[in-house]
Amino acid sequence: MKGITRVALAGAALALSCTAALAQKETADAIARYRQLLQDGNPAELVAARGEALWKEKRGPKKTSLEQCDLGLGAGVVKGAYAQMPRYFADADQVMDYESRIVHCMVTLQGFDRATAAKNPYSGTGQRQTDIEALTAYGVELSRGVPVNIPQEHPKEKAAFDRGKQLFYMRAGPYDFSCASCHGVTGQRIRLQDLPNISQNKEDAARAFTTWPAYRVSQGTLRTMQWRLNDCFRQQRFPEPVFASPATVDLITFLGVNANGAKMDSPSIKR
Amino acid sequence: MKRTFTFPFTLLLAVLSLVTVSLIGCAVYTAPTREETLQIVKSSFQDRGIAKLDRLNQSELQVACSEVALTGKELPKDLRARLEKQALATVKLPADGVYLGDFKQGERIAQTGVGMQWSDTDKTVAGGNCYACHEISPQEIAYGNIGPSLKGYRKLRGDTPAVVSYTWGKLWNSHAYNACSQMPRYGDANILTTAQIKDLMALLLDPNSPVNK
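Residues numbered from 1 in each chain as written. Chains lettered and ligands numbered in written order. Predicted model: local features only at pLDDT ≥ 70, side-chain atom pairs only at ≥ 80, totals over all residues.

1. Observations regarding the overall build of chain A
Scanning chain A from N- to C-terminus turns up 10 helices and 8 strands. The buried share among the 271 residues of chain A stands at 45%. For chain A, restricting intrachain contacts to residue pairs at least 6 apart in sequence, the fraction spanning at least 24 positions comes to 68%. (Helix = DSSP H or I, 4+ residues; strand = E, 2+ residues; numbered from the N terminus. Buried ≥ 20, exposed ≤ 12 C-beta atoms within 10 Å, placed from the backbone. Contact = placed C-beta atoms within 7 Å.)

Here it is as structure tokens:
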């Protein structure tokens, strides 16, 4: 009798734990369906359209457009450029990601001072997109379907990758976190949020790199790769990375090279 | 006479220019050192709110564990032992000898993820964010999997003094039992108060806690 009770209890416990696992799977599936449904209409298209208008508008002290900006494929070539950045630019003697390069062109072509150009790069929740965000949406849209091809030829490009890798694994701050605390093992999640293994899993790294920038539904705004890093570091309990600073470019180089070969699919839409 | 001089001189020039060309043309790439990278990292961050630049000053343990993660090499045995010993020495046991607080409060602390971000203030009451990484109470299905499941903690491990003091130590400074543990040092880094740690202890070890139902 005692044995039967024990078996029945064990059975009940098993049924309960199965129910919990099932509930979790159902929740995860519902989130996946939600993400699928979101793909139908992406407000990022409007942001990209505003970016295109901004790109062509004569602005700044020099009353010039950005149409002669060299994004690495020659002056004025936007198509496919995002997929090959960060890269080394001889005119600045440094490696730049797309957003840093936009700031550079706003300074050199349009005559803005750097502090003004790089000020407030991120919009608030539900706020109008900043110029940087709109210009980034425009650029990345013109790389949709283009394979990621971040160059690693110039010594400064190699150094950016190596520093980015070191920073990825750098544990610091009161929580002892590094990027790898969340993004260094395949199949890990925070709550029900899947975490891409950016350092060692080619497929994960590719999905992460090719789907940023993204329209963030929960924030009602488009978010860039620089913002993605910024908000990770906030949760990592680090101080704030300066927008378009060398370390952010290094980290984006590391992530981008790990995604080389995958096709850009951005702006995407995320929860 | 002149000829015999010219020939070796030209040869020397040729060799020299070859060396120069190879030095410029295919300069040997050397990867940046940790110190070089750190300098660039430090110049790339800024204070924001309560998150100050001094957070980038790594402890010996942070340096060692970053290196392990970067290179995939094992931590040298003696260093591991020393780091764990140092971490264990930081653990402050409750002065009143009471280890368990209120498991209901513990559940709230486990659910909350704020604290010490630049979006928080020094008045923010931090949480443990335990569900981000652990399965704990069976009712909560939105749990992460970076850490092991803690469901049925007391049922599986008992509540002997050894289990109680291990659990306290793990919460206070996880590195005491695993040098490069990913878990924050809730007591040692002043993330949670002693009272909050007692509440988390109760969540895991109180027989009435949902964790042990």
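2. What to know about the overall build of chain B
Looking only at helices and strands, chain B has 8 helices and 1 strand in total. Going from N to C terminus, chain B has its helices and strands arranged as α-α-β-α-α-α-α-α-α. Here chain B holds 213 residues, and 35% of them are scored as buried. For chain B, contacts bridging at least 24 residues in sequence account for 59% of all contacts bridging at least 6.

3. Considering unusual backbone geometry
All names here are of chain A. Cis geometry marks the peptide bond from Met85 to Pro86; its omega dihedral reads 10°. Each neighbour pair has its own omega, and for Ser266 with Pro267 the value is 0°, a cis peptide bond. Here Pro267 is to be found in the loop between helix H10 (246–258) and strand S8 (268–270). Phi at Lys63 is positive, roughly 50°, even though this residue is not glycine. On the secondary structure map, Lys63 appears in the loop between helix H2 (44–56) and strand S1 (87–89). By C-beta crowding, Lys63 is classed as exposed, having 10 other C-beta atoms within 10 Å. Despite not being glycine, Ala244 has its phi angle at roughly 65°, a positive value. Looking at the element boundaries, Ala244 is found in the loop between strand S7 (240–241) and H10. With 23 C-beta atoms packed within 10 Å, Ala244 lands in the buried category.

4. Some details on the sheet that holds S8 of chain A
Residues and elements named next belong to chain A. Taken in spatial order, the 3 strands line up as S6-S5-S8 in an open sheet, and their pairing is mixed. Only two strands of the sheet have a single partner each, and these edge strands are strand S6 (221–223) and S8. Within the sheet, the average angular offset between the axes of one strand and its neighbour, ignoring direction, is 35°. Looking at chain direction, strand S5 (residues 214–216) and S6 are connected through 3 bridges and run antiparallel. Bridge assignment links Tyr215 to a residue of S6, and that residue is Leu222. (Pairing = 2+ DSSP bridges. Axes fitted to C-alpha atoms, helices over the stretch in contact; angles between N-to-C directions.)

5. Some thoughts on the interface of chain A and chain B
Many analyses report the size of an interface as the accessible area lost when the parts associate. The interface is formed by 40 residues belonging to chain A together with 42 residues belonging to chain B. Mapped onto the side of chain A that touches chain B, the elements with two or more residues apiece are helix H1 (2–38), helix H6 (155–168), helix H7 (180–183), strand S3 (189–190), helix H9 (225–235), S7 and H10 of chain A. Among the elements that take part in the side of chain A that touches chain B, H6 of chain A stands out by supplying 7 residues, more than any other. Taken together, the residues of the side of chain A that touches chain B sort by class into 19 nonpolar, 11 polar and 10 charged. Sheet analysis places S7 of chain A next to strand S1 (residues 45–46) of chain B, joined by 2 bridges and oriented antiparallel. Within the sheet, the bridge partner assigned to Pro241 of chain A lies in S1 of chain B and is Phe45 of chain B. (Nonpolar A, V, L, I, M, F, W, Y, C, P; charged D, E, K, R; others polar.)

6. Focus: the packing of helix H5 (residues 103–111) of chain B against helix H8 (residues 194–205) of chain B
Residue and element names in this part refer to chain B. Their axes nearest at 7 Å, the elements H5 and H8 cross at an angle of 105°. Relative to H8, the element H5 is oriented roughly perpendicular. Contacts from Phe103, Gln105, Gly106, Glu107, Ile109 and Ala110 in H5 reach Gln196, Asp199, Leu200, Ala202 and Leu203 in H8. Here the contact of H5 with H8 is built from residues that sort into 6 nonpolar, 3 polar and 2 charged. (Parallel < 35°, antiparallel > 145°, perpendicular 65-115°, else oblique.)

7. A few points about the environment of Leu192 of chain B
Residue and element names in this part refer to chain B. Inspection of the secondary structure assignment puts Leu192 in the loop between helix H7 (161–172) and H8. Along the chain, Leu192 and Asn208 lie 16 residues apart, while their C-alpha atoms are 23 Å from each other. With sequence-adjacent residues up to four places away left out, Leu192 is seen in contact with Ile109, Ala126, Gly128, Tyr186, Gly187 and Ile197.

8. Quick notes on helix H2 (residues 34–44) of chain B
Every α-helix winds through 3.6 residues per turn, so residues three or four apart in the chain are directed the same way. Listed in full, the buried residues belonging to H2 of chain B are Thr37, Leu38, Val41 and Ser44 of chain B. Seen end-on, H2 of chain B carries its buried residues on one side only, within an arc spanning 125°. Exposed side chains of H2 of chain B directed beyond 90 degrees from the buried face belong to Glu35 and Gln39 of chain B. The secondary structure elements touched by the buried residues of H2 of chain B are H6, S7 and H10 of chain A together with S1 of chain B. (Arc of directions from axis to C-beta.)

9. Focus: the packing of H10 of chain A against H2 of chain B
Where H10 of chain A contacts H2 of chain B, the axes come no closer than 7 Å and their chain directions differ by 115°. On the side of H10 of chain A, the interface is formed by Pro246, Ala247 and Thr248 of chain A, while H2 of chain B contributes Ile40, Val41 and Ser44 of chain B. Across the contact of H10 of chain A with H2 of chain B, the residue classes break down as 4 nonpolar, 2 polar and no charged.

Nothing here speaks to function; it is geometry throughout.
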